[in-house]
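Remarks on the overall topology
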Amino acid sequence: MSSNVSQATNDAATPFITDIHAGPILVGVVVFLGTLYLLKLFRAERRYPPGPRGWPLLGYLPILRSSDKRRLFAELRAEYGDVFSFKLGCRLVVVVNGFDSVKQLFLQQGGSFVDRPQVFTFTHLGQGKGVVNSSGAVWKEHRKFTLNALRNLGIGKASFEDKVQEELRAFCQVLDDTNGADFDPGHALQTAIANIICSIAFGKRFQYDDPIFVRFLEIFEENMGLAGGTALLNFFPFLHSLPGDLFKSRKMLRNVDFVQGYLRQWLDNHQKRFSRDNVSDFIDAYLDEIVKRQEKKKPRTTFCYDQLLKTVGDLLVGGTETTGTTLRWFLIFLVHWPHVQRRMRQEIDSVYPGGAKPSVQDRRRLPYVEAAILECQRFADIAPFSVTHAASEEVEVEGGLLIPKGTIVIPNVHSVHYDPGLWRDPEHFRPERFLDDKGEVVRPEFLIPFFLGKRSCPGEGLARMELFQFLTTLLQRYEILPSVQGTLPSLQGHIGITYTPSPYTVRFVKRQADDTSTTRADNAC
């Protein structure tokens, strides 16, 4: 009997003893695995691109205080090299400087850096849709379609010139009405360029004083300016939940809702009159593509109404902001460097005597004009950091450096366009740098205003045409002069998503010419 009692006692004690030992063992296993993970993470982090050490959990805070990140990035590049990194919040950021490194990562290894980061700017404001803000299959399908659709619509070709000329006539009328008085061309330029995009997207243009269209352009410009303030939410997303609207994110979202509300109305009206027998604009082409995919029974297609909405928005915002801003800067440069304006005009007059209508087919006959456009794209620096990328996979780059999947990657285009190793006296505006000894245009591969690789701007052909047509027509018709007070516009701008000039005024004075020349110039506009 005592044996049975003893056995029962032992049986009862066994679970208790097991419980006593299980806790320390479990803790030991967790500590061991955690240590292995931290060691692995530490070894991986030792291979990350070098950079400044920041505060725990907060990261490298000086980046938040910098009003001009071009200068800060130049200092970090000098200390850490062409590819450096820092943490902000819990996110790793890699900045790529210099043409060789930019070319390596975004061209030679470009397939690994085609994604957009999963952060506030792209997921909330951009909604991860369309061409600009999307990644993966959505981006691949929509970029390919957009390039083909724009090509089929004649974008960048001589056949599209009539649409640009139509808008130029309206724009020149606005300038004529100023009678050579001081005038801020910003709104009129943005409207003109936006109307060209609208003719592509909707097959129509808007009047310059249309209240809805005016509000659209105001919102575009407002959101471009506010974007810098919301950048903090990309790294500390919880701040968006704070009461009030300290970072203006809610205001930006309301602006996006306003724009999309009207775009939906326009799309709905367009959809009602859509006919596959008359595909004349981008929306028609997209609706036709949806039907084609339905007929082929492609269940996994990303084409849908909401994607069309965002893609059209991308065309409007991207196509308007970049070209309009480039032209605004160019007018500033023409009054700062009047000898450039004179030489461009002389070349235009020699090719189009009597004021004949300029044509993109004559670009080769206007090498100095073309060189001046290229220099403006370099010097204006309107997209100093292009658009932020993300690593779609873990990537090893030259030197054995490791860039983890999901890393935010910033291409520093400014470091390329202002590199004294690539450009002689880059701080000076010199169109001659793009002409060879024979006076012919030379375009080096390290001029990348539309960026490079798979994420390069799909609207490059249209932008090049618009810049050529606007500048040749304006210089053929007007002398562009400083304000009456003689004050020159500032060469210092503001960095948001793009680098924009401060508001300014210049004068558009109609050139004196004989009756025949004037008539032909009027026909050109």
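Relevant structure appears above.
Residues numbered from 1 in each chain as written. Predicted model: local features only at pLDDT ≥ 70, side-chain atom pairs only at ≥ 80, totals over all residues. Heavy atoms only, no water.

1. Re the layout of surface pockets
Counted only if it meets this: Both cavities and pockets are sets of points on a 1 Å grid over the protein atoms alone; in a cavity a 1.4 Å probe fits but cannot get out, in a pocket the set is open with protein on both sides within 12 Å along at least five of seven lines, and lining residues sit with an atom within 4 Å of a point. Grid points are joined across faces, edges and corners, and a volume is the space filled by probe spheres set on the points. In this description a helix means any DSSP run of H or I spanning at least four residues, a strand means any run of E spanning at least two, and both kinds are numbered starting from the N terminus. Residue type decides the class: Asp, Glu, Lys and Arg count as charged, Ala, Val, Leu, Ile, Met, Phe, Trp, Tyr, Cys and Pro as nonpolar, and the leftover types, Gly among them, as polar.
A volume near 670 Å³ is recorded for the second largest pocket. In this structure, the second largest pocket is lined by 21 residues; those nearest its centre are Glu45, Pro52, Arg53, Gly54 and Lys87. The greatest single-element share of the lining of the second largest pocket, amounting to three residues, is contributed by strand β1 (residues 83-88). Tallied by class, the residues present in the lining of the second largest pocket amount to 12 nonpolar, five polar and four charged.

2. Digging into the packing of aromatic side chains
Using the following cut-off: Side-chain rings of Phe, Tyr and Trp, where Trp is taken by its six-membered ring, are said to pair if the distance between their centres is within 6.5 Å; with planes under 30 degrees apart they count as stacked, over 60 as edge-to-face, and otherwise as tilted. Think of it in three bands: with a 1.4 Å probe and only protein chains considered, a residue is buried below 20% of the maximum accessible area for its type, exposed above 50%, and partly exposed in between.
Taken as a whole and judged by the stated rule, the model has 33 aromatic pairs. Arranged with centres 5.3 Å apart and planes meeting at 80°, the rings of Phe202 and Trp266 form a pair that is edge-to-face. Here Trp266 lies in helix α10 (residues 249-272) and Phe202 lies in the loop between α8 (186-201) and α9 (211-230), a separation of 64 residues in the sequence. Note on Phe206 and Trp266: the rings are 5.2 Å apart at their centroids and 35° apart in plane angle, and the pair reads as tilted. Of the two residues, Phe206 sits in the loop between α8 and α9 while Trp266 sits in helix α10, which places them 60 residues apart along the sequence. Overall, Phe206 belongs to the buried group, its relative accessible area being 7%.

3. Some points on the packing of helix α11 (residues 282-295) against helix α12 (residues 305-336)
What counts is decided by this rule: Fitted lines through C-alpha atoms give the axes, limited to the stretch in contact for helices. The angle between two N-to-C directions lies from 0 to 180 degrees. Angular relationships are summarised with four words: roughly parallel below 35 degrees, roughly antiparallel beyond 145, roughly perpendicular across 65 to 115, and oblique for the angles in between. By the definition used in this description, the sense in which the near helix is turned from the far one sets the handedness, with an anticlockwise turn below a right angle giving left-handed and a clockwise turn giving right-handed. Contacts are assigned to residue pairs that have any heavy atoms within 4.5 Å of one another.
One can describe the packing of α11 onto α12 by two numbers: an axis separation of 11 Å at closest approach and a directional angle of 150°. Relative to α12, the element α11 is oriented roughly antiparallel. Regarding α11 and α12, the two cross each other, and that crossing is right-handed. Each of Phe282, Ile283, Tyr286 and Leu287 in α11 lies in contact with α12, whose residues at this interface are Gln307, Leu308, Thr311, Val312 and Leu315.

4. Considering the pairing of β1
Quick reminder of the rule: Here, strands pair whenever DSSP counts at least two bridges between them.
For β1, a buried count of five out of six residues is recorded, marking the element as mostly surrounded by other parts of the structure. Here β1 folds back onto strand β2 (residues 91-96) in antiparallel fashion, the turn holding two residues, of which Gly89 has a positive phi close to 65°.

5. Examining the pattern of salt bridges
For the record, the criterion: Note on definitions: salt bridges are taken to be side-chain nitrogens of Lys or Arg within 4 Å of carboxyl oxygens of Asp or Glu.
Applying the stated rule across the entire model yields 25 salt bridges. Across the salt bridge formed by Glu445 and Lys103, the nearest N and O atoms sit 3.3 Å from each other. With Glu445 in the loop between α15 (413-417) and α16 (460-477) and Lys103 in helix α4 (residues 99-108), the pair connects residues that are 342 residues apart, well separated along the chain. The exposure class of Lys103 is partly exposed, given its relative accessible area of 23%.

6. Observations concerning helix α6 (residues 136-152)
Convention followed: Given a helix with a known number of residues, its expected span is that number minus one, times 1.5 Å.
With 17 residues, α6 should cover 24 Å at 1.5 Å per step; its first-to-last C-alpha distance of 25 Å lies within 8% of that length. Every buried residue belonging to α6 is among Val138, Trp139, His142, Arg143, Phe145, Thr146, Ala149 and Leu150, and all of these are buried. Buried positions along α6 lie against α8, α11 and α12. Two residues or fewer past α6, Gly154 is found with a positive phi of approximately 85°.

7. A short note on a nonpolar patch on the surface
The condition is simple: Patch membership needs two things, relative accessible area over 30% and no salt bridge, and members are linked within 9 Å if like-charged or within 5 Å if nonpolar (Val, Leu, Ile, Met, Phe, Trp, Tyr). Using a 1.4 Å probe, the Shrake-Rupley method yields the accessible areas, and only the shown protein chains count as cover for residues.
Taken together, the side chains of Trp55, Leu57 and Leu58 make up a nonpolar region of the molecular surface, amounting to roughly 410 Å² of accessible area. Structurally, Trp55 can be placed in the loop between α1 (2-45) and α2 (62-65). For Trp55, a relative accessible area of 59% translates into the label exposed.

8. Details of empty space enclosed by the protein
Evaluation of the coordinates by the stated rule reveals two cavities of 30 Å³ or more. Looking at the largest cavity, its volume works out to about 60 Å³. In terms of lining, the largest cavity is formed by Gln190, Leu217, Phe220, Glu221, Val317, Thr320 and Glu321. If you list the elements that add at least two residues to the lining of the largest cavity, you get α9 and α12. Its boundaries defined by the atoms lining it, the second largest cavity holds a volume of some 40 Å³. Taken together, Arg363, Glu370, Ile373, Leu374, Gln377, Arg464 and Phe468 form the lining of the second largest cavity. Breaking the lining of the second largest cavity down by element, the ones donating at least two residues are α14 (367-380) and α16. When residues of the lining of the second largest cavity are assigned to their parent elements, the largest contribution, four residues, is made by α14. Taken together, the residues of the lining of the second largest cavity break down into three nonpolar, one polar and three charged.

9. Details of the nonpolar core
What counts, and what does not: Within this scheme, the nonpolar core is defined by two criteria: the residues are buried Ala, Val, Leu, Ile, Met, Phe, Trp, Tyr or Cys, and they are joined through side-chain atoms within 4.5 Å.
Ranked by size, the top nonpolar core spans 111 residues in total, and within it Phe282 and Phe470 carry the most contacts. For this core, the leading source of residues is α12, giving 13 residues. Other than its neighbours up to four places away in sequence, Phe470 contacts Val164, Leu168, Phe171, Leu189, Ala192, Ile193, Ile196 and Leu327. Formed by 27 residues, the second largest nonpolar core is a distinct cluster that contains Val93, Phe120, Ala227 and Phe236.

10. Considerations on the environment of Val509
Residue position: Val509 is located in strand β10 (residues 506-510). For Val509, a relative accessible area of 26% gives the class partly exposed. Setting aside its immediate chain neighbours within four residues, Val509 contacts Gly180, Arg477, Tyr478, Glu479 and Leu481.

11. Describing the packing of helix α7 (residues 161-176) against α8
At a closest axis distance of 10 Å, the pairing of α7 and α8 adopts a crossing angle of 155°. Looking at the two axes, α7 sits roughly antiparallel to α8. The hand of the α7/α8 crossing is right-handed. Side by side, α7 and α8 meet where Lys163, Val164, Glu167, Phe171 and Val174 of the first sit next to Ala188, Leu189, Ala192, Asn195, Ile196 and Ser199 of the second. Here the residues of the contact of α7 with α8 sort into seven nonpolar, two polar and two charged.

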